[in-house]
Amino acid sequence: MNEIIQILPQKIGDQEQNVVSARELHKALGLAKSQFTRWIKSNLLENIFFAQNIDFTVFRHDVEIGNAGGLIEIEDYLLTIETAKHLTMLSRTKKAHEIREYFIQAEEKYRELLKAD
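Here the structure is a predicted model, which means the values were calculated and not measured.

Novice: Explain the overall build of the chain to me, using residue names and the numbers behind them.
Specialist: Across its full length, the chain holds four helices and four strands. Along the chain direction, N to C, the helices and strands of the chain fall in the order β-β-α-α-β-β-α-α. Computed over its C-alpha atoms, the radius of gyration of the chain comes to 15 Å, within 12% of the 13 Å expected for a compact globule of 117 residues. Referenced to the eigenvectors of the C-alpha coordinate spread, the extents of the chain come out at roughly 50 × 35 × 35 Å. Within the span of the chain, comprising 117 residues, buried residues form 33% of the whole. In the chain, the share of contacts with a sequence separation of at least 24, taken over all contacts with a separation of at least 6, comes to 51%. When the accessible surface of the chain is summed, it comes to about 8,000 Å², and 49% of that surface belongs to carbon and sulfur atoms. Across the chain, the mean location of the 15 positive side-chain charges is 7 Å away from that of the 18 negative side-chain charges.

Written out as structure tokens, the structure reads:
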């Protein structure tokens, strides 16, 4: 299975979950980089069906900008796989379909690993 987006174990609230970066998901969906803030606000932060520390958590990290080598601090969101699937379903692109398939395959692989234990 080719990794389209990195899935990592992370604690959200008091529960260990598999999560993805909202910025990585946005990029993988092929959406305009300049539209991330608007996308995350309308699809996650103002969505009454998602709650912070249950469906996602906020974190800040430094990224390098341009050739100048400077760093800026940006805000990102760790999304549970379920939340990422919901956001992906809202997007009607070929890439979104590929990502949904990827999440389904990742879940199946994870279940197989659990059964093997």
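Back to the write-up after that little detour.
Novice: For the packing of aromatic side chains, give the residues involved together with the corresponding values.
Specialist: Applying the stated criterion to the full structure yields four aromatic pairs. Geometrically, the ring pair formed by Tyr-102 and Phe-103 is tilted, given 5.9 Å between the ring centres and 45 degrees between the ring planes. Comparing Tyr-102 with Phe-103, the two get one shared label, buried.

The rules behind the values
Residues numbered from 1 in each chain as written. Predicted model: local features only at pLDDT ≥ 70, side-chain atom pairs only at ≥ 80, totals over all residues. Heavy atoms only, no water. Helix = DSSP H or I, 4+ residues; strand = E, 2+ residues; numbered from the N terminus. Rg over C-alpha atoms; globule rule 2.2 N^0.38 Å. Buried < 20%, exposed > 50% of the residue type's maximum accessible area, 1.4 Å probe, protein only. Contact = heavy atoms within 4.5 Å. Areas by Shrake-Rupley, 256 points an atom, 1.4 Å probe, with all protein chains shown as cover. Lys, Arg positive; Asp, Glu negative; His and termini not counted. Charge placed at Lys NZ, Arg CZ, Asp CG, Glu CD. Phe/Tyr/Trp six-rings, centres within 6.5 Å; stacked < 30°, edge-to-face > 60°.

These figures capture arrangement, not role.
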